[in-house]
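# Examining the three-dimensional arrangement
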Amino acid sequence: AQSVTQPDIHITVSEGASLELRCNYSYGATPYLFWYVQSPGQGLQLLLKYFSGDTLVQGIKGFEAEFKRSQSSFNLRKPSVHWSDAAEYFCAVVEYGNKLVFGAGTILRVKS
Amino acid sequence: EAQVTQNPRYLITVTGKKLTVTCSQNMNHEYMSWYRQDPGLGLRQIYYSMNVEVTDKGDVPEGYKVSRKEKRNFPLILESPSPNQTSLYFCASSLVMSSYNEQFFGPGTRLTVL
């Protein structure tokens, strides 16, 4: 079975600072990878996805992620964080069919 | 507006009292699924449905039932809820059961079983 690890449970960054959220996956073949964001009291919104091709993927809200096969990683980045980015972020990989296997999540706090 | 809706959004109940959480999508999606979210565990799939009358177990199906009589609806049934089913539940749907299809999530249902 596939698994996803998000090593950081909480991260705090200052508004305007850069952000990197880590994600490691275990999967033998080329994985289909996703980052979702969950704002307080909201459902999950897809930020970006990687299926194949370019290893740097652009998403919504100014986020990007880089797929590194050698490191089994798919880290999420943003050059300048806004207070509205405070939320919980989930990395996920698709297993057979459509089942998403999620990491435990990283809670992002933004301090002004 | 294309969306996945869930009702109720919040529910407090007692052990053993049957309940149903409804899920409906207006996008004509074939694939629907239920997840539960618990702190430190992320989201785990409970059940999924590839199409009408086709359902299958996910990773944590014990204590839950589902049905798919209509394409748009996928209710989650707890016949005899227990405290360990206290959780945040999400319904999701996608066009078809394919790894390429984005899944759209409902707003969540927070269930507390006393």
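Residues numbered from 1 in each chain as written. Chains lettered and ligands numbered in written order. Predicted model: local features only at pLDDT ≥ 70, side-chain atom pairs only at ≥ 80, totals over all residues. Heavy atoms only, no water.

## Focus on the state of the cysteines
Residues and elements named next belong to chain A. Within the structure shown, the criterion is met by two disulfides over all chains. Note on cysteine connectivity: C23 is disulfide-linked to C91, with sulfurs 2.0 Å apart. When the S-S torsion is -65°, as for the bridge of C23 with C91, the disulfide is left-handed. Here the residue C23 occupies a position in the loop between β3 (19-21) and β4 (24-26), and C91 occupies one in strand β10 (residues 87-94), the gap between them amounting to 68 residues. (Disulfide = S-S within 2.5 Å. Helix = DSSP H or I, 4+ residues; strand = E, 2+ residues; numbered from the N terminus.)

## Comments concerning the interface of chain B and chain A
Contacts between the two partners involve 25 residues from chain B, matched on the other side by 23 residues from chain A. Summing both sides of the interface, chain B and chain A together bury roughly 1,800 Å²; the carbon and sulfur share of this comes to 53%. At the surface where chain B touches chain A, the tally comes to one salt bridge. In this structure, D59 of chain B engages K99 of chain A in a salt bridge whose closest nitrogen and oxygen atoms are separated by 2.7 Å. Considering each element in turn, the side of chain B that touches chain A owes the most residues, four residues, to strand β5 (residues 42-51) of chain B. (Contact = heavy atoms within 4.5 Å. Buried area = accessible area lost by both parts, 1.4 Å probe. Salt bridge = Lys/Arg side-chain N within 4 Å of Asp/Glu carboxyl O.)

## A few points about unusual backbone geometry
Peptide bonds are trans in most cases, and residues, glycine excluded, mostly fall at negative phi. The peptide bond linking N7 of chain B to P8 of chain B adopts the cis configuration, its omega dihedral lying at -5°. Checked against the element boundaries, P8 of chain B lands in the loop between β1 (4-7) and β2 (10-13). The backbone phi angle of K61 of chain A is positive, close to 60°, even though this residue is not glycine. Checked against the element boundaries, K61 of chain A lands in the loop between β7 (56-58) and β8 (64-68).

## Considering the environment of T55 of chain A
Residues and elements named next belong to chain A. Within the secondary structure layout, T55 lies in the loop between β6 (44-50) and β7. Sequence spacing of T55 and F67 is 12 residues, and the spatial spacing of their C-alpha atoms is 4.9 Å. If near-sequence neighbours (up to four positions away) are discounted, T55 is found in contact with Y50, A65, E66 and F67.

## Thoughts on the nonpolar core
Counting residues in hydrophobic clusters, the biggest one holds 27 residues, and the most contacted among them are L19, W35, L47, L48, F74, L76 and Y89 of chain A. It is β10 of chain A that contributes the most residues to this core, four residues altogether. L76 of chain A has contacts with L19, E20, L21, W35, L47, L48, F63, E64, A65 and Y89 of chain A, leaving out every residue within four places of it along the chain. Among the nonpolar cores identified, the runner-up in size contains 19 residues, and V4, Y64, L78 and C91 of chain B belong to it. (Core = buried A, V, L, I, M, F, W, Y, C linked by side-chain atoms within 4.5 Å. Buried < 20%, exposed > 50% of the residue type's maximum accessible area, 1.4 Å probe, protein only.)

## Observations concerning the confidence of the model for chain A
Per-residue pLDDT for chain A has a mean of 92; in total, 98% of the residues score no lower than 70. Across chain A, the element-wise mean pLDDT spans from 90 in strand β11 (residues 100-102) of chain A up to 98 in β3 of chain A. (pLDDT = per-residue confidence, 0-100.)

## Section: the pairing of strand β11 (residues 109-113) of chain B
All names here are of chain B. Only one face of β11 is buried, namely the one carrying T109, L111 and V113, since none of R110 and T112 on the opposite face is buried. Judged from the four bridges that link them, β2 and β11 form a sheet pairing that is parallel. Opposite Y10, over in β11, you have R110 as the bridge partner. When strand β9 (residues 87-94) meets β11, the two strands line up antiparallel, connected through three bridges. Across the sheet, the residue bridging to L88 is R110, located in β11. (Pairing = 2+ DSSP bridges.)

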